[in-house]
Amino acid sequence: MRFDVDTKASPEQVRRAFTDFSERRAQIWSRTLDPKKYELREQGDTWAVARESTPGSPFWVVARYDWSDPAVISWTVVESSYGGDGDGFVRITPGSDGGSRLHVEWTSTNARGLQRPLLFLLHLGPMGRLVSRMYATTLDRYAQEHRD
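Values in this document were obtained by computation on a predicted structure and should not be read as measured data.

Of all residues except glycine, most have a negative phi; of all peptide bonds, most are trans. Phi angles above zero are rare outside glycine, and Asp97 is one such case at about 55°. Tracing the backbone through its elements, the reader meets Asp97 in the loop between strand S6 (85-94) and strand S7 (100-109). Taking the relative accessible area as the measure of exposure, Asp97 reaches 83% and is therefore exposed.

Structure (structure tokens):
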């Protein structure tokens, strides 16, 4: 899946929203993160390992996030409900009017047999547009609530 997002959030606000693994994470990402399935497993200064799922999704992943590069938040799936793995990243660049432009990519690979078609459908079609809109809405709201 690949998509771009324009947001009113500054690059620093985007970075903070994506790398906040405190109890606020479920509030920040309320439309895209199921608080019942969220679990922070480990965290360092520029990395975290967390179990996450989207509300209503049959899938969950344990991903290792890394933000040692200030312009990129990347993740690698280390465990999943679908038996597969994958990785992805969000590249953050300054946008117009103090906002940001994000380029997002992620892949899911090696899923178990019956779950491959569902993952294939999730990564194609309108799902990218839907996720990009949810990211934009979430980050715009974050920018409004957390002015620098």
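Time to look at the nonpolar core. Membership of the largest hydrophobic core comes to 32 residues, with the highest contact counts inside it found for Phe18 and Tyr135. Among the elements that take part in this core, helix H4 (residues 127-145) stands out by supplying seven residues, more than any other.

Here we come to the packing of aromatic side chains. For the structure shown, the criterion picks out nine aromatic pairs. Taken together, a centroid distance of 4.8 Å and an interplanar angle of 45° make the contact between Phe18 and Trp29 tilted. Remark: Trp29 occurs in the loop between helix H2 (25-28) and strand S2 (39-43) and Phe18 occurs in helix H1 (residues 11-19); sequence separation between them is eleven residues. The same class applies to Phe18 as to Trp29, namely buried. Here a set of aromatic residues connected by ring pairs shows up, and it is made of Phe3, Phe18, Phe21, Trp29, Tyr65, Trp67, Trp75, Trp106 and Tyr135. The ring of Phe21 carries the charged tip of Arg25 above its face, separated from the ring centre by 3.9 Å. Positioned above the aromatic ring of Trp60, the side-chain terminus of Arg51 is 4.3 Å from the ring centre.

Reading guide: rules and limits
- Residues numbered from 1 in each chain as written.
- Predicted model: local features only at pLDDT ≥ 70, side-chain atom pairs only at ≥ 80, totals over all residues.
- Heavy atoms only, no water.
- Helix = DSSP H or I, 4+ residues; strand = E, 2+ residues; numbered from the N terminus.
- Buried < 20%, exposed > 50% of the residue type's maximum accessible area, 1.4 Å probe, protein only.
- Core = buried A, V, L, I, M, F, W, Y, C linked by side-chain atoms within 4.5 Å.
- Phe/Tyr/Trp six-rings, centres within 6.5 Å; stacked < 30°, edge-to-face > 60°.
- Lys NZ or Arg CZ within 6 Å of the ring centre and 35° of its normal.

On their own, these measurements won't tell you what the molecule is for.
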